[in-house]
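# An overview of the molecular structure
Chain by chain, the residues:
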Protein chains: 2
Amino acid sequence: MKTYSIEFLEEVPKYVQIAKHMKKLIDVGKVKDGEKLPPIRKLADFLHVNNDTIVSAYKKLEQEGYAVQKIGSGTYAKKKDANRRIKREYTETFKKIMDKDSNEYIDFAGETSCDIFFPMYNFKEVINEVIDRDGVNALVYQETLGFEGLRRSISKYFWQGKVAPKDILIVTGAQQGIDIASKAIINVNDNVIVEKPTYNGALFVFKWRGANVFEVPIEDDGVNLEAFEKILKKNYIRCFYTMSYFQNPTGMSYSREKKLEILRFAEKYDFYIIEDDYLSELIFDENVSYESFKSLDKNDRVIYIKSFSKIFLPGIRLGYMIVPKKLKESIESSKVNTDISTSSLMQRALDLYIIKGYFREYIKKLKSIYKDRYMIMENYIKDILKDKVSFKSPGGGFNFYLKISDYVKINSDELFYKCKNEKILISPGVLFYRNNDDGLRYFRIGYSQTDDFKIKNGIEKINKILE
Amino acid sequence: MKTYSIEFLEEVPKYVQIAKHMKKLIDVGKVKDGEKLPPIRKLADFLHVNNDTIVSAYKKLEQEGYAVQKIGSGTYAKKKDANRRIKREYTETFKKIMDKDSNEYIDFAGETSCDIFFPMYNFKEVINEVIDRDGVNALVYQETLGFEGLRRSISKYFWQGKVAPKDILIVTGAQQGIDIASKAIINVNDNVIVEKPTYNGALFVFKWRGANVFEVPIEDDGVNLEAFEKILKKNYIRCFYTMSYFQNPTGMSYSREKKLEILRFAEKYDFYIIEDDYLSELIFDENVSYESFKSLDKNDRVIYIKSFSKIFLPGIRLGYMIVPKKLKESIESSKVNTDISTSSLMQRALDLYIIKGYFREYIKKLKSIYKDRYMIMENYIKDILKDKVSFKSPGGGFNFYLKISDYVKINSDELFYKCKNEKILISPGVLFYRNNDDGLRYFRIGYSQTDDFKIKNGIEKINKILE
């Protein structure tokens, strides 16, 4: 106990002083990572303070990431996450590229569509038409569900009327969709299943909700169903988060059979499927057909999320959700309490853009350009990296997920840092696993922010580092 | 225990059947609201199932709002909140008015600026200028902090350069600001202080974060400081949420002294102040001067939030935060994981709108129109409702918060329903308190979505109901 003794100052609240002292002990290693902190009463007696003071001090430690409370067992010291550094550097580099549109980097991490192909004059036309047509209403109306015209267009053009406009909720993108769905259905300690590996932005949201996250390994045609059902049998699961096409990061797409089986699970074990329809517009392999979980769902078990920012334009910040009837009220309330409603003018412009057929035209053009780049990247990986990595062709989407071969003596975190020095941004596997170390032998590269020359140049440099 | 016995079916997981059975017991009153449910082991033994099965069943009950878990004590039955009905009806009516722009209602609940005064041609001009100037960049660039030009304009025109553009984060409105700040600083069981009464959208967010909410009563010049410090002495408080001008719903503004004292508290007891600068543009009383917590803050303790949607245009979905240096990284990460970034084109348009002086001009015009309406509403309340209600003149903002006099034998929830029958929407006090019943003698009415005729007409009808 002696380590914990303090000479209290007059001015500062005691719990602040206790917390400060303990942080120091953890930082310098006098209290080890994972070590149990003294029981509240014992420490209170020892320091001649109230129990409440220790409770407050421990709460402060927890808040600042220096302790974890385990219910029924006590409070434990925690050293800051070692993988925080790589995550921070990744985010910072990514931000630098986004903010400055810096050309000095080869950006293999970008996950959105490129700008240079967008016919701006079409967009200017629709936005002026909207302003002339709707006047100030275009800037004032705030429908929680979103502009009715856009919801009608989504229903008509993307779902052939099989989804009603009233079941569609406009959001600012897939990230907001995940956030809003989570707020509506996940409470602290609820159980969530994700794919292993999965999109880190989703993991972040589930962590925020205080959820218990279970991971199920991904195979070539979807998650492993035995592992999946084993979890379902033992735990009440609230939802399963999935990217049905070109899963991020693996690029895997689900087989029809696995989709149907998971839908059966959802009904039997009473959980929801959050389907993040990531990049299904970019199916390049003719053997892959498009059938979302949502389109196969007979029991209203799927919360479907679609972003327009990924494939269309990142700065437009629009997407939509299709919401099960049972959840409609809570998801709407979740939207209101998150940001009231979505920007009105942009919704109207997108609506007209779709109605006029510009959207379809643009996506068609993009698809053909991206297919070329996809083939180029695939070929360079095979030709240049050869057997240093292995991968499965995703057949579409933006990304390739590469496994570093056993004989190559470098992990993907190290590869990330070395690439960064060469001004190449890759996505190291540690980003995509709850337990970061599981990703050490993987990394993801994508072509959307590059061109032929950059792809070749970047992959050649990666090859040198792997040698 | 007998009540709990079940004959299990083969097909359905047992915990689902147990939960279903218990819901029924609670619904029909065989298990009373607040009654302790059987301990896990005892019930497991009785039903011949594993402990895990009961844990899952209780979790499901909790999820569906039929039970509350109290750490270290057990699980308790819960009947659905009686005030849910009034909240739902309020929200639905509010939505109906927003969605349809229905003229049949007298909307005393609106909290945003009215549309009819907005010079749309100015806006069309700036948006076309932006498209011509920035081209596709206006739809692609996604800076996490927000468009740099707009951040510079906010710094220059609203803060005279005293706040740096790099400390400003563009958000989609105050509601998102509260959500993002909460995600960055509040964890489960963290303590938060709010004003009593306070804005229900903020209460909702804090509840989502799993925070313990303490309330401090509002007086004429801010919260009661003794009650405030009493809480601080006993508990480690993470943040204090405040609306410094024309607080919602009371209309109260803080005195300079109270602001300074609370800033001193924040430093001494180590907490943050989330300042929601609600409607400080609308100061009508010449004795009230504008000094935000943020402008008085010497220790970087204030998270300042300002919406452009309230006073400017609701459908534009823009606002900003000023972020303490210590929290910058976590708040930025919170923005990214909430919705990546804010719509790019609208930010550029607003920036140019400010630069060209249109913003200032428009607010000036609004202020003079609103001042007239404010006076009209105040006079009608005094002339028509007379001593049936009492209130303090806020000296600005959109709203009046009225206390129903003791001799009037109607509560504000009943008043709400009766007004709704007459197609008048008021905001009953129950919306603004953690314990809803505290608001039974209060209601809020505002003029922003009305005119002279509607104000008179609406108040006359309220008068009849109160009689």
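All residue numbers here refer to positions counted from 1 along the written sequence of the relevant chain. Here every chain gets a letter starting at A, and every ligand a number starting at 1, in the order they are written. Only residues with pLDDT of at least 70 get local features here, since the model is predicted, and only at 80 or more are side-chain atom pairs given and counted; chain-wide, interface and lining totals rely on the full set of residues. Where side-chain values are given, they derive from all heavy atoms of the structure, hydrogens and water being excluded.

Looking only at helices and strands, chain A has 17 helices and 16 strands in total. A globule of 467 residues ought to have a C-alpha radius of gyration of about 23 Å, and chain A, at 25 Å, matches this closely. Each of the three principal axes of chain A carries a C-alpha extent, and together these read 75 × 55 × 45 Å. Looking at the 467 residues of chain A, the share that counts as buried comes to 62%. Across chain A, the fraction of contacts at a sequence separation of at least 24, relative to all contacts at a separation of at least 6, is 71%. All accessible areas in this document rest on Shrake-Rupley with a 1.4 Å probe, and a residue is counted as covered only by the protein chains that are shown. If you sum the accessible surface of chain A, you get close to 19100 Å²; carbon and sulfur atoms cover 49% of it. Strands are runs of DSSP state E lasting at least 2 residues, helices are runs of H or I lasting at least 4, and numbering of each runs from the N terminus. Put simply, the radius of gyration uses C-alpha atoms, and a globule should come to 2.2 Å times the residue count raised to 0.38. Throughout this description, buried means an accessible area under 20% of the type-specific maximum (1.4 Å probe, protein chains only), exposed means over 50%, and partly exposed covers the range between. It only takes one pair of heavy atoms within 4.5 Å for two residues to be counted as in contact.

Each partner contributes to the interface: chain A provides 81 residues, whereas chain B provides 82 residues. Two parts placed together each lose some accessible area; with a 1.4 Å probe, that loss summed over both constitutes the buried area. Of the roughly 7200 Å² buried between chain A and chain B on both sides combined, carbon and sulfur atoms contribute 55%. For chain A, the biggest contributors to the area lost against chain B are Gln-63, Leu-139 and Trp-208 of chain A; these three give 11% of the whole. One speaks of a salt bridge when a side-chain nitrogen belonging to Lys or Arg is within 4 Å of a carboxyl oxygen belonging to Asp or Glu. Our count for the contact surface shared by chain A and chain B stands at eight salt bridges. Lys-183 of chain A is the partner of Asp-179 of chain B in a salt bridge, and the nearest nitrogen-oxygen pair spans 2.7 Å. Here a polar contact means two N or O atoms within 3.5 Å. Within protein one must be a hydrogen donor candidate and the other an acceptor candidate, and residues neighboring in sequence count only if both atoms are side-chain atoms. In this assembly, chain A and chain B are joined by 29 residue pairs in polar contact (both at pLDDT 80 or more). If you tally residues by element for the side of chain A that touches chain B, the top one is helix α13 (residues 328-339) of chain A, at eight residues. Gly is placed with the polar residues, together with every amino acid not listed as nonpolar (Ala, Val, Leu, Ile, Met, Phe, Trp, Tyr, Cys and Pro) or charged (Asp, Glu, Lys and Arg). Across the side of chain A that touches chain B, the residue classes break down as 29 nonpolar, 26 polar and 26 charged.

What follows is about helix α2 (residues 40-47) of chain A. Residues and elements named next belong to chain A. Among the residues of α2, Leu-43, Ala-44 and Leu-47 are the ones counted as buried. Down the axis, α2 shows its buried residues gathered within 105° of arc, on one side only. Opposite the packed face of α2, turned more than 90 degrees from it, sit the exposed residues Arg-41, Lys-42 and Asp-45. Positive phi appears at His-48, one or two residues downstream of α2, with a value of about 55°. Read the arc as the range of directions from the helix axis to the C-beta atoms.

Across soluble globular proteins, you tend to see nonpolar side chains buried next to one another. Nonpolar core, defined: a set of buried Ala, Val, Leu, Ile, Met, Phe, Trp, Tyr and Cys residues in which side-chain atoms within 4.5 Å join the residues together. Ranked by size, the top nonpolar core spans 332 residues in total, and within it Phe-123 and Ile-445 of chain A together with Phe-123, Phe-312 and Ile-445 of chain B carry the most contacts. When near neighbours in sequence (up to four residues on either side) are disregarded, Ile-445 of chain B contacts Phe-108, Met-377, Ile-381, Phe-398, Asn-399, Phe-400, Leu-402, Ile-426, Ile-459 and Ile-462 of chain B.

Between the two chain copies there is a screw-like relation: a rotation about an axis and a shift along it. Superposing copies: least-squares fit, C-alpha atoms only, residues required to have pLDDT of at least 70 in both. The transform that puts chain A on chain B rotates by 180° and translates by 0.0 Å along the axis, for an RMSD of 0.0 Å. Accordingly, the operation relating the two chain copies is best matched by a two-fold axis. Of all interface residues in chain A, 100% are interface residues in chain B too; the two copies therefore contact each other through one and the same surface.

Further remarks concern the pattern of salt bridges. Residue and element names in this part refer to chain B. Scanning all chains against the criterion turns up 60 salt bridges over all chains. The salt bridge involving Arg-301 is made with Asp-270; its shortest N-O contact spans 3.1 Å. One end of the pair, Arg-301, is in the loop between α12 (293-296) and β10 (302-307); the other, Asp-270, is in the loop between α11 (256-269) and β9 (272-277), with 31 residues separating them in the sequence. There is no split in this pair, since Arg-301 and Asp-270 are both buried.

With that settled, consider the sheet that holds strand β12 (residues 389-390) of chain A. Residue and element names in this part refer to chain A. Reading across the sheet, the four strands line up as β12-β13-β16-β15 and stay open at both edges, with antiparallel pairing between neighbours. In this open sheet, the two strands that pair with only one neighbour each are β12 and β15 (427-428). Relative to strand β16 (residues 442-446), strand β13 (residues 399-404) runs antiparallel, the two being bridged by five bridges. Paired with Asn-399 across the bridge in β16 is Gly-446. The sheet strands contacting helix α15 (residues 358-385) are β12, β13 and β16, and the helix crosses β13 at an angle near 15°. The axes are straight lines fitted to the C-alpha atoms, using for helices just the contacting stretch, and the angles between their N-to-C directions are given from 0 to 180°. Across the sheet, helix α16 (residues 412-421) touches β13, β15 and β16, and the angle it forms with β16 is around 40°. The criterion for strand pairing is that DSSP finds at least two bridges linking the strands in question.

The next point concerns unusual backbone geometry. Geometrically, the link from Asn-248 of chain A to Pro-249 of chain A is a cis peptide bond, its omega value of 15° lying close to zero. Mapped onto the secondary structure, Pro-249 of chain A falls in the loop between β8 (237-242) and α11 (256-269). Between Lys-196 of chain B and the following residue, Pro-197 of chain B, the backbone shows a cis peptide bond with an omega angle of 0°. Mapped onto the elements, Pro-197 of chain B comes out in the loop between β5 (191-196) and α9 (200-208). Its identity is not glycine, yet His-48 of chain A carries a phi of approximately 55°, on the positive side. Along the polypeptide, His-48 of chain A turns up in the loop between α2 and α3 (51-63).

Axis separation between helix α9 (residues 200-208) of chain A and helix α13 (residues 328-339) of chain B bottoms out at 9 Å; the angle between their running directions is 105°. Judged by the angle between their axes, α9 of chain A and α13 of chain B are roughly perpendicular. Listed contacts from α13 of chain B to Gly-201, Phe-204, Val-205 and Trp-208 of chain A of α9 of chain A are Ser-333, Ser-334, Asn-337 and Thr-338 of chain B. Each angle is binned into one of four classes, with values under 35 degrees roughly parallel, values over 145 roughly antiparallel, values of 65 to 115 roughly perpendicular, and all other values oblique.

Here the focus is the side chain of Glu-332 of chain A. By the secondary structure assignment, Glu-332 of chain A is in helix α13. Taking the relative accessible area as the measure of exposure, Glu-332 of chain A reaches 11% and is therefore buried. Aside from chain neighbours lying at most four places away, what touches Glu-332 of chain A is Thr-144 and Leu-145 of chain A together with Lys-95 of chain B.

All names here are of chain B. In spatial order, the strands read β12-β13-β16-β15; together these four strands make up an open sheet with antiparallel pairing. The open sheet has two edge strands, β12 (389-390) and β15 (427-428), and neither has a second partner. Bridge analysis of β12 against strand β13 (residues 399-404) gives two bridges, and the strand direction is antiparallel. Bridging from a neighbouring strand, Ser-390 pairs with Lys-403 of β13. Strands β12, β13 and β16 (442-446) of the sheet are contacted by helix α15 (residues 358-385), whose axis makes an angle of about 15° with β13.

Residue and element names in this part refer to chain A. Burial along strand β4 (residues 168-171) is two-sided: the face carrying Ile-168 and Ile-170 and the face carrying Leu-169 and Val-171 are both buried. One ladder, built from four bridges, connects β4 with strand β11 (residues 319-322); its direction is antiparallel. Looking across to β11, one finds that Val-171 is bridged to Gly-319.

This paragraph deals with the environment of Ala-57 of chain B. All names here are of chain B. Note on placement: Ala-57 falls in helix α3 (residues 51-63). Owing to a relative accessible area of 0%, Ala-57 belongs among the buried residues under this scheme. Separated by 20 residues in the primary sequence, Ala-57 and Ala-77 place their C-alpha atoms 13 Å from one another. If near-sequence neighbours (up to four positions away) are discounted, Ala-57 is found in contact with Tyr-15, Ile-18 and Ala-19.

A word on the packing of aromatic side chains. The criterion for an aromatic pair is that two Phe, Tyr or Trp rings (for Trp, the six-membered ring) have centres within 6.5 Å, with stacked assigned to planes under 30 degrees apart, edge-to-face to planes over 60 apart and tilted to the rest. Inspection of the entire model under this criterion finds 72 aromatic pairs over all chains. Seen from their ring centres, Tyr-90 of chain A and Phe-94 of chain A are 6.0 Å apart, and the 15° between their planes marks the pair as stacked. In this pair, Tyr-90 of chain A and Phe-94 of chain A are both assigned in helix α4 (residues 84-100), four residues apart and thus about one turn of the helix distant. Judged by centre distance (5.3 Å) and plane angle (70°), the rings of Phe-416 of chain B and Tyr-417 of chain B are edge-to-face.

Compared with the 20 Å implied by 1.5 Å per residue over 14 residues, the 20 Å span of helix α1 (residues 14-27) of chain A between its first and last C-alpha is a close match. Those residues of α1 of chain A that sit buried are Tyr-15, Val-16, Gln-17, Ile-18, Ala-19, Met-22, Leu-25 and Ile-26 of chain A. Those residues of α1 of chain A that are buried are in contact with α2, α3 and β2 (74-77) of chain A together with α10 (225-234), β8 (237-242) and α11 of chain B. Helix span, expected: 1.5 Å multiplied by one less than the number of residues in the helix.

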